[in-house]
Amino acid sequence: MRSTEDLGASHGRRLQRGVLDDGREVFVKTGTASDVFASEAAGLRWLGEVIDVPEVVEVGPDRLVLSWVHAESPSPAAAERFGRSLARLHRAGAPGFGAPWRGFIATLPMDNAPADDWPAFYAARRVLPFLRTARLPASDVTLVERAVERFAEVAGPAEPPARIHGDLWSGNVLWSGGSGVLIDPAAHGGHRETDLAMLDLFGLPYLDRVLGAYQEEWPLADGWRERVPLHRLHPLLVHVVLFGGAYRDGLMNAVRRVLAL
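Chemist: Would you take a moment to explain the overall build of the protein for this structure?
Modeler: When helices and strands are counted, the protein shows nine helices and 11 strands. The C-alpha atoms of the protein give a radius of gyration of 18 Å, which matches the 18 Å a tight globule of 261 residues would have. For the protein, the C-alpha atoms occupy an extent of roughly 55 × 40 × 35 Å along the three principal directions. With 261 residues in all, the protein has 51% of them scored as buried.

Chemist: Please clarify how helix α1 (residues 36-47) should be interpreted in this entry.
Modeler: Every α-helical turn comprises 3.6 residues, leaving residues that sit three or four positions apart pointing alike. An ideal rise of 1.5 Å per residue puts 16 Å on 12 residues; α1 measures up with 16 Å between its terminal C-alpha atoms. The element α1 is largely enclosed, with a buried count of nine among its 12 residues. Buried within α1 are the following residues: Val36, Phe37, Ser39, Glu40, Ala41, Gly43, Leu44, Trp46 and Leu47.

Chemist: Is there a simple way to think about the sheet that holds strand β4 (residues 56-60) in this case?
Modeler: Hydrogen bonding along the main chain pairs the strands of a sheet, whether they run parallel or antiparallel. A sheet is described by the order of its strands in space; here five strands give the open sequence β1-β2-β3-β5-β4, paired in antiparallel fashion. Either end of the sheet is taken by a strand with one partner, and the two such strands are β1 (3-10) and β4. Geometrically, the sheet is characterised by an average inter-axis angle of 15° between neighbouring strands, direction not taken into account. Relative to strand β5 (residues 63-67), β4 runs antiparallel, the two being bridged by four bridges. From the neighbouring strand, valine 56 faces β5, where its bridge partner is leucine 66. Lying on the sheet, α1 is in contact with β2 (13-19), β3 (25-30), β4 and β5; it crosses β4 at an angle near 150°.

Chemist: Any chance you could explain the pairing of β5 here in plain terms?
Modeler: In regular strands, side chains alternate between the two faces of the sheet. In the sheet, β3 pairs with β5 via five bridges, with the strands oriented antiparallel. Residue phenylalanine 27 lies in a different strand from β5, and its bridge partner there is leucine 66. The antiparallel hairpin formed by β4 and β5 contains two residues in its connecting segment.

Chemist: How should the environment of leucine 251 be read in this particular structure?
Modeler: Checked against the element boundaries, leucine 251 lands in helix α9 (residues 248-259). Owing to a relative accessible area of 0%, leucine 251 belongs among the buried residues under this scheme. Taking the C-alpha atoms as reference, leucine 251 lies 22 Å from histidine 11; in sequence the two are 240 residues apart. Excluding anything up to four places from it in sequence, leucine 251 contacts Leu136, Leu233, Leu236, Leu237 and Val240.

Chemist: How should the packing of aromatic side chains be read in this particular structure?
Modeler: To describe a pair of aromatic rings, you give the distance between the ring centres and the angle between the ring planes. On inspection of all chains with the given rule, the structure shows nine aromatic pairs. Between the aromatic rings of phenylalanine 82 and tryptophan 175, the centroid separation amounts to 5.9 Å while the plane-to-plane angle is 75°, which identifies the pairing as edge-to-face. With phenylalanine 82 in helix α2 (residues 76-92) and tryptophan 175 in strand β9 (residues 173-176), this residue pair connects regions lying 93 residues apart in the sequence. Tryptophan 175 shares its class with phenylalanine 82; the two are buried. With 6.1 Å between their ring centres and 45° between their planes, phenylalanine 243 and tyrosine 247 make a pair best called tilted. Judged by relative accessible area, which is 48%, phenylalanine 243 ranks as partly exposed. For tyrosine 247, a relative accessible area of 27% gives the class partly exposed.

Chemist: Would you mind showing me how to read the side chain of arginine 232 here?
Modeler: Assignment of secondary structure puts arginine 232 in helix α8 (residues 228-243). Separated by 3.2 Å, the side chain of arginine 232 and the backbone oxygen of alanine 197 make a polar contact. Arginine 232 has contacts with Tyr122, Ala197, Asp200 and Leu201, leaving out every residue within four places of it along the chain.

Chemist: Explanation requested: the packing of helix α6 (residues 192-199) against helix α7 (residues 207-217) in the structure shown.
Modeler: What describes two packed helices is the angle between their axes and the distance between those same axes. For the pair α6 and α7, the least separation of the axes is 11 Å and the interaxial angle reads 160°. Considered as vectors, α6 and α7 are oriented roughly antiparallel to each other. Both α6 and α7 take part in a crossing whose hand is left-handed. Note on element contacts: α7 touches α6 through Leu207, Val210, Leu211 and Tyr214, opposite Arg192, Leu196 and Leu199. Residues belonging to the contact of α6 with α7 are distributed by class as follows: six nonpolar, no polar and one charged.

Analysis parameters
Residues numbered from 1 in each chain as written. Predicted model: local features only at pLDDT ≥ 70, side-chain atom pairs only at ≥ 80, totals over all residues. Heavy atoms only, no water. Helix = DSSP H or I, 4+ residues; strand = E, 2+ residues; numbered from the N terminus. Rg over C-alpha atoms; globule rule 2.2 N^0.38 Å. Buried < 20%, exposed > 50% of the residue type's maximum accessible area, 1.4 Å probe, protein only. Expected span 1.5 Å × (residues − 1). Pairing = 2+ DSSP bridges. Axes fitted to C-alpha atoms, helices over the stretch in contact; angles between N-to-C directions. Contact = heavy atoms within 4.5 Å. Phe/Tyr/Trp six-rings, centres within 6.5 Å; stacked < 30°, edge-to-face > 60°. Polar contact = N/O pair within 3.5 Å; in protein donor to acceptor, adjacent residues only side chain to side chain. Parallel < 35°, antiparallel > 145°, perpendicular 65-115°, else oblique. Left-handed = near helix turned anticlockwise from the far one by under 90°. Nonpolar A, V, L, I, M, F, W, Y, C, P; charged D, E, K, R; others polar.

Fair warning: the whole summary comes from geometry, so function is off the table for now.
What follows is the structure, encoded as structure tokens:
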């Protein structure tokens, strides 16, 4: 690289902005050798078949180099374009629930082995593994397990596997080129309502425009808003594992709402 600029660190990985010898600007992540970089690259390439993502310039055991995304301020029109693009991404589908690469969310391993249906996949591959490592009080664990037992009953109409980002909080949407660009995926075949539930978890600009355009492109099943807490159980458990008890109240509120469905 011709030059680099340090951007700090995230989840133990060093972040840099660089300029290659040919003048291209890139974003570089480096860290201890891990499958996490290959997993992110595989997810980006898969999502990039349908929606805007950074180009994977290079990937190795200890680094990932991506094309630089020139960010801009969001707008209502960009939000609507993103909503339609997200619907098309989900409708592109997946071979099954899961993915053929090792899964990670942040630096935490995530099981992408296939399951027969989404409620079974969500319980066995997403919620229960993180419940075991969340260090919650026994009474909380019991309530989460009761919610898990209801997944098949409250998941809504069965849908085919959607091609989802898997960690679609607002920080993983960059506004560029008049739409949203997806970064840092935990991509897999999952339920499309999962991505939509996460978009509102920490607030996304013009979310109402995103959802309105999404609904025009591919309407959601009745009751999807009531199922938002169900799809938040996994990301909230991940936050408990990563950051501790500050997220416990949000998690248990979602659990109680699932039990009330």
